[in-house]
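Working through the structure, step by step
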Amino acid sequence: DEDTPEELMDALFFIDEMSLPQYYDDLMEKMSEAGVDPATLPQPTAADLAMAIWLASPHILETMHAERFMSKAKKFDSFLSLDSTLPPFSMPSPSTITNLENDLNGWFETKKRGRGTKVFVFKREDLVWFLVRHGEPYKREGTLKNGESASIFYRPEKFDVLLYNPQIGELSIHANTKGEKKAYCEYFGKHLFNNDCLF
């Protein structure tokens with residue numbers, strides 16, 4: 001109910017979402033990264049693995065959950081590098097990602113979408129995938145509380161997907177608005193290539 005602690009609700013959500021049988025092998029592969037010895041879980045189910053990973057390192061399970069959204073993105077707008085020569089690319093450091101998140105937080109906050117932006121990075125073959133989790137404008141929904149009509153206000157969660165192809169200097173963006181795409185071009189250029197006018 002509404003008195004359930006938010007931290008517990010988050011834990012239940014991520015564990016339940018990642019407890020499906022099709023994630024079993026992926027969860028097994030993440031056990032060592034989370035510092036969990038599989039031998040301590042005789043004949044574990046997917047839910048057992050998800051629970052063990054969450055207790056040891058919630059960030060790992062949260063990242064696995066976020067990664068599922070990448071395959072849902074179908075339509076992308078592409079932006080090419082404006083430089084005559086392709087800029088060198090290296091995987092961003094944690095501090096670079098933090099600085100990128102801070103700039104995106106500032107932008108989303110000015111657009112009434114709040115803070116809490118998180119950027120996940122995945123290397124897949126020749127492409128680098130970026131998953132950006134951010135808030136949407138506040139939403140109101142009617143509810144029943146103790147049998148009486150009431151309201152709840154909350155900020156929906158949104159995932160945008162970006163792909164960078166270092167072979168051709170192309171940044172592809174799956175996002176809703178022109179403003180978001182422009183901000184991504186500016187801030188990804190700034191923090192990944194030290195050039196906010198690159199794309």
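For the structure, check the block above.
The following paragraphs examine the structure supplied in this document. Treat the numbers as computed from the prediction; the structure is a model and nothing was measured. (Residues numbered from 1 in each chain as written. Predicted model: local features only at pLDDT ≥ 70, side-chain atom pairs only at ≥ 80, totals over all residues. Heavy atoms only, no water.)

**Structural notes on the packing of aromatic side chains**
Across all of its chains, the model carries 11 aromatic pairs by this definition. Taking the centre distance of 6.1 Å and the plane angle of 75° together, the rings of Tyr-164 and Phe-199 count as edge-to-face. Taken as a pair, Tyr-164 in strand β6 (residues 157-165) and Phe-199 in the segment after α6 (178-193) lie far apart in primary sequence, 35 residues in all. On the numbers, 6.0 Å between centres and 75° between planes, the contact of Phe-193 with Phe-199 is edge-to-face. The same class applies to Phe-193 and to Phe-199, which are both buried. A connected cluster of aromatic rings, assembled from ring pairs, spans Trp-107, Phe-108, Phe-130, Tyr-184 and Phe-188. Above the face of the Phe-120 ring, Lys-118 is positioned so that its terminal group lies 5.5 Å from the ring centre. Positioned over the ring face of Trp-129 is Arg-124, at 5.8 Å from the centre of the ring. (Phe/Tyr/Trp six-rings, centres within 6.5 Å; stacked < 30°, edge-to-face > 60°. Helix = DSSP H or I, 4+ residues; strand = E, 2+ residues; numbered from the N terminus. Buried < 20%, exposed > 50% of the residue type's maximum accessible area, 1.4 Å probe, protein only. Lys NZ or Arg CZ within 6 Å of the ring centre and 35° of its normal.)

**So, the pattern of salt bridges**
The full count for this structure, using the stated rule, is 11 salt bridges. Here Arg-115 makes a salt bridge to Glu-109, at a shortest N to O gap of 3.0 Å. By relative accessible area, which is 46% here, Arg-115 ends up partly exposed. Note that Arg-113 and Glu-180 form a salt bridge whose closest N and O atoms lie 3.7 Å from each other. Remark: Glu-180 occurs in helix α6 and Arg-113 occurs in the loop between α5 (94-110) and β2 (118-124); sequence separation between them is 67 residues. Comparing Arg-113 with Glu-180 shows no difference in burial state: the two are buried. (Salt bridge = Lys/Arg side-chain N within 4 Å of Asp/Glu carboxyl O.)

**Remarks on α6**
Taking 1.5 Å per residue as the helical rise, α6 with its 16 residues ought to reach 22 Å, and the 22 Å between its terminal C-alpha atoms agrees with that figure. All of the buried residues along α6 are Glu-180, Lys-181, Ala-183, Tyr-184, Cys-185, Tyr-187, Phe-188, Gly-189, His-191, Leu-192 and Phe-193. Close packing links the buried residues of α6 with β1 (77-80), α5, β3 (127-135), β6 and β7 (170-174). Of the residues trailing α6, Asn-194 is marked for its positive phi of about 60°. (Expected span 1.5 Å × (residues − 1). Contact = heavy atoms within 4.5 Å.)

**Notes on the side chain of Asn-165**
Structurally, Asn-165 can be placed in strand β6. Residue Asn-165 is classed as buried on the basis of its relative accessible area, which comes to 17%. Beyond its immediate stretch of four places on either side in the chain, Asn-165 contacts Asp-126, Leu-127 and Glu-170.

**Side note on unusual backbone geometry**
Look at Glu-125: it is not a glycine, yet its phi comes out positive at around 55°. Relative to the helices and strands, Glu-125 is located in the loop between β2 and β3. Notably, Asn-194 is not glycine yet its phi reads approximately 60°, a positive angle.

**Notes on the packing of α5 against α6**
Axis separation between α5 and α6 bottoms out at 10 Å; the angle between their running directions is 150°. Looking at the two axes, α5 sits roughly antiparallel to α6. The element α5 and its partner α6 pack so that their crossing is right-handed. On α6, the residues that touch Thr-96, Asn-99, Leu-100, Asp-103, Leu-104, Trp-107 and Phe-108 of α5 are Gly-179, Glu-180, Ala-183, Tyr-184, Tyr-187, Phe-188, Lys-190, His-191 and Leu-192. For the contact of α5 with α6, the residue count by class is 9 nonpolar, 4 polar and 3 charged. (Axes fitted to C-alpha atoms, helices over the stretch in contact; angles between N-to-C directions. Parallel < 35°, antiparallel > 145°, perpendicular 65-115°, else oblique. Left-handed = near helix turned anticlockwise from the far one by under 90°. Nonpolar A, V, L, I, M, F, W, Y, C, P; charged D, E, K, R; others polar.)

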